[in-house]
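Each chain, letter by letter, is given below.
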Amino acid sequence: MKIRKPCLDLKIDFMRKGDLPTVMEIERQSFSSPWSESTFRRGIKRKNPHIYFFVVRHNQIPIGFINFWLVKDEAHIANFAVSPTYRRKGVGKYLLARSLGYISRRGGRLVSLEVRASNIPAQNLYRRMGFHPVSIRKKYYTDNGEDAYIFCIDDLSEIDLCIGET
Ligand SMILES: CC(C)(COP(=O)(O)OP(=O)(O)OC[C@H]1O[C@@H](n2cnc3c(N)ncnc32)[C@H](O)[C@@H]1OP(=O)(O)O)[C@@H](O)C(=O)NCCC(=O)NCCS
């Protein structure tokens with residue numbers, strides 16, 4: 001699939017301590033049970049070589065982020081959000097595609113994630129990127145008892161990620 005870089009000056013790099021105030025704002029705007037700042041703080045220390053936190057920046061300011069772990073050929077996306085101001089501009093698709101490319105180059109093949117049953121925007125995006133639903137975790141989310149769908153890409157090497165620069 002051809003992923004167009006959004007018409008914004010975007011840069012993806014590792015999340016840093018200085019990003020946390022903006023990242024936390026996006027986190028709180030995006031999730032009903034947001035992660036704590038200490039969870040991000042611990043994660044970005046990069047003591048665990050299997051855990052990755054990336055941000056996508058516009059004019060140096062984080063406008064989205066993704067967190068995943070990668071162990072051998074298996075990856076799991078644990079957190080992913082775009083600032084409400086920047087949604088529906090292709091930023092999420094671009095960040096996810098670049099992250100999948102990164103995972104693939106490091107030997108990742110199976111990629112999984114959980115998504116709320118009601119989260120249609122994210123499910124649409126995941127399907128477009130080659131994920132498919134494999135199972136349901138009943139009442140997985142403790143805040144409202146909602147089910148989680150498990151989405152997977154079985155073999156990342158079969159996904160054609162052609163990321164354009166325009
Ligand atoms: C899910 C999320 C990251 C998508 O980011 P985004 O930058 O808005 O996504 P994109 O603009 O790249 O959209 C890519 C595709 O996703 C789907 N999509 C995105 N937002 C959608 C919406 N509101 N309704 C329906 N489909 C949507 C569409 O298929 C879209 O492609 P299109 O614009 O060509 O139709 C963003 O909505 C978000 O941060 N949501 C809150 C946090 C969240 O739910 N994270 C995922 C947890 S599993």
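Relevant structure appears above.
This section reports on the structure supplied with the text. Residues take numbers from 1 onward in each chain, read along the sequence in its written order. Per-residue local features of the predicted model are confined to residues with pLDDT of at least 70, and side-chain atom pairs are confined, for both listing and counting, to 80 or more; whole-chain, interface and lining totals are unaffected and use all residues. Processing note: side-chain calculations cover all non-hydrogen atoms of the structure and skip hydrogens and water entirely.

Before going further, it helps to spend a moment on the overall build of the chain. Put simply, DSSP H or I for four residues or longer makes a helix, DSSP E for two residues or longer makes a strand, and each gets a number counted from the N terminus. From N to C terminus, the chain includes four helices and nine strands. Sequence-ordered secondary structure for the chain, helices as α and strands as β, is β-β-α-α-β-β-β-α-β-α-β-β-β. By the compact-globule yardstick of 15 Å for 166 residues, the chain fits well, its C-alpha radius of gyration being 15 Å. Viewed in the frame of its principal axes, the chain has a C-alpha envelope of about 40 × 35 × 35 Å. Within the chain, buried positions represent 43% of all 166 residues. Two residues form a contact once any of their heavy atoms are found within 4.5 Å. Taking all contacts inside the chain whose residues are at least 6 apart in sequence as the whole, residues at least 24 apart take part in 65%. Across the chain, the 28 positively charged side chains and the 17 negatively charged ones have centroids separated by 4 Å. Radius of gyration here is computed from C-alpha atoms only, and the compact-globule reference equals 2.2 Å multiplied by the residue count raised to the power 0.38. Burial here depends on accessible area, computed with a 1.4 Å probe over protein chains only, as a share of the maximum for the residue type. Under 20% is buried, over 50% is exposed, and the range in between is partly exposed. By the counting rule applied here, Lys and Arg register as positive and Asp and Glu as negative, while His and the ends of each chain are not counted. All charge positions are set by atom: Lys at NZ, Arg at CZ, Asp at CG, Glu at CD.

What makes a residue near a molecule or strand is one non-hydrogen atom of that residue sitting within 4 Å of it. Around the ligand, the surrounding shell holds 21 residues, and the nearest of these are Phe80, Gly92, Lys93, Asn119 and Arg128. Counting of polar contacts relies on pairs of N or O atoms within 3.5 Å, with two restrictions inside protein: one atom must be capable of donating a hydrogen and the other of accepting it, and residues adjacent in sequence are counted only when both atoms are side-chain atoms. Between the ligand and Arg88, the relevant distance is 2.8 Å, taken from an oxygen atom to a main-chain nitrogen or oxygen of the residue. A distance of 2.8 Å is found between an oxygen atom of the ligand and a side-chain nitrogen or oxygen belonging to Arg128. Site definitions follow a grid-based scheme: protein atoms alone, a 1 Å grid, a 1.4 Å probe that fits but cannot get out for cavities, and for pockets an open set with protein on both sides within 12 Å along at least five of seven lines, plus lining residues having an atom within 4 Å of a point. Cavity and pocket membership follows a simple rule, namely that a molecule belongs there if more than half of its atoms are within 2 Å of the grid points. Of the pockets mapped on this structure, the ligand occupies the largest pocket. Counting residues per element, the ones that place at least two in the shell around the ligand are strand S5 (74-82), helix H3 (91-105), strand S6 (110-116) and helix H4 (120-128). Of all the elements, H4 adds the most residues to the shell around the ligand, at six residues.

Take the layout of surface pockets next. Grid points are joined across faces, edges and corners, and a volume is the space filled by probe spheres set on the points. What the largest pocket holds in volume is close to 1,300 Å³. Lining the largest pocket are 36 residues, with Phe31, Phe80, Asn119, Ala122 and Tyr126 sitting closest to its centre. Elements that contribute at least two residues to the lining of the largest pocket include exactly helix H1 (20-30), S5, H3, S6 and H4. It is S5 that contributes the most residues to the lining of the largest pocket, seven residues altogether. Nonpolar residues are Ala, Val, Leu, Ile, Met, Phe, Trp, Tyr, Cys and Pro. Charged residues are Asp, Glu, Lys and Arg, and all others, Gly as well, are polar. Tallied by class, the residues present in the lining of the largest pocket amount to 17 nonpolar, ten polar and nine charged.

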